[in-house]
Amino acid sequence: MPRPTVLLLLAFLSTPALATSTPDAWDTVAVRHVELTADRAGQVHEVRISPLFTTTLVFNAPLLRGGVELEEREGFRVVMVDEAAGFVALLPLGVLPAGRPLQLMVRFADGAVPASASFRLVVHPTRAEPQVNVYRLPRSAESLQLEARQERERAEQCETHLARVQAERRSPGGLTGLIDSGLVKEGSGIAGRRIYASTQQRPGEAIQVEAAHAYAAQGQLAVALEVKNTSAQPWSVDSEGAQLVSKEGARLRVLSVWQSEPLAPDTRGRVVVEAAATPEQARGTYVLTLGEGGGARTVTLRGVTFP
């Protein structure tokens, strides 16, 4: 599996993030920030994980080799640790019961205080925190506080921009916008084909796939699904929870997830997932997984290939 690229943003509050973080707040934040200080070395921070999504913990200091201790490690499909880069990636198996707390401890390599950090991993069936940035402040310093405030302001600006983009999802841009507008035609430089006949959906899912198309452009791939909500409740796709996973377990970097409109019961709509990919990755076969925003209903489509 290729090593993921991790962007570490130093956007921290002057008090620990766990003191004000709640599950509802986690649902709306793509990246959460946790601060470790010497006077709160024993604090345990909760992190939500799910068998549907990978959660990455990113540290601003290298980890001690062999210093990561994970309870019930056999219950995880992926446990990837890079001590030098300072990150831990986790993907639990579905055998772990929802709500079950697991302990994770990491130790730092530089011998400074705090020397370790403790986390309580809480399993959720469909929701997970994609990234938790852990910033360790061995000692308080006025210059570090000023830097943290500046980075927090930058992060807030990014979050404001992201919220504005998500509010405009009905007019998507990029490859998704071309697909939705019907401008992807022969000679446009974008290859496309129907893939519905060669795919399989997991039986019993309430959101039924009725048509599927795959597209490829330079450095980008897209899957467009026509879906029907056969349940009695509205359905909206989780804009941050889509995954394209190859047979070998490699994950494409999803760029965007767009839905034409929330699906009322017994209605149809379109969902487009756009991802970055190399030419080699574009030749693979993938499983597409879509979660539900705030719910448990999923769409799982196997055999996804690209032109």
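The structure this text deals with has already been given above.
Residues numbered from 1 in each chain as written. Predicted model: local features only at pLDDT ≥ 70, side-chain atom pairs only at ≥ 80, totals over all residues. Heavy atoms only, no water.

Draft legend 1. Spotlight on the overall build of the chain. Within the chain one finds four helices and 18 strands. Per-residue burial over the chain gives 43% buried out of 307 residues. By sequence separation, contacts in the chain at least 24 residues apart represent 66% of the contacts at least 6 residues apart. Split by element, the accessible area of the chain, about 15,600 Å² in all, is 51% carbon and sulfur. (Helix = DSSP H or I, 4+ residues; strand = E, 2+ residues; numbered from the N terminus. Buried < 20%, exposed > 50% of the residue type's maximum accessible area, 1.4 Å probe, protein only. Contact = heavy atoms within 4.5 Å. Areas by Shrake-Rupley, 256 points an atom, 1.4 Å probe, with all protein chains shown as cover.)

Draft legend 2. Just the side chain of S231, in detail. Checked against the element boundaries, S231 lands in the loop between β13 (220-229) and β14 (243-246). Residue S231 is classed as buried on the basis of its relative accessible area of 18%. Non-local contacts of S231, meaning those with residues more than four positions away in its chain, are made with A206, P265, D266 and R297.

Draft legend 3. Geometry of the packing of aromatic side chains. For the coordinates displayed, the defined rule picks out three aromatic pairs. Summarising the aromatic geometry, the rings of F59 and F108 are spaced 5.9 Å apart at their centres and angled 75° between planes, so their arrangement reads as edge-to-face. Taken together, the residues F59 in strand β3 (residues 55-59) and F108 in strand β7 (residues 101-108) connect sequence positions 49 residues apart. For the pair F59 and F108, a shared accessibility class is recorded, and that class is buried. On the numbers, 6.1 Å between centres and 70° between planes, the contact of F59 with F119 is edge-to-face. Residue F59 is located in strand β3, and its partner F119 is located in strand β8 (residues 116-123); the two are separated by 60 residues in the primary sequence. Of the two residues, F59 and F119, neither departs from the other in class, the shared state being buried. Clustering of aromatic rings is evident, with ring pairs tying together F59, F108 and F119. (Phe/Tyr/Trp six-rings, centres within 6.5 Å; stacked < 30°, edge-to-face > 60°.)

Draft legend 4. Focus on unusual backbone geometry. A cis geometry characterises the amide bond from V113 onward to P114, with omega recorded as 5°. Relative to the helices and strands, P114 resides in the loop between β7 and β8. At E72, a residue that is not glycine, the phi angle is positive and equals roughly 50°. Its place among the elements puts E72 in the loop between β4 (63-70) and β5 (76-82). Taking the relative accessible area as the measure of exposure, E72 reaches 24% and is therefore partly exposed. Unusually for a residue other than glycine, D266 sits at a positive phi of about 65°. For D266, the position within the fold is in the loop between β15 (253-259) and β16 (268-276).

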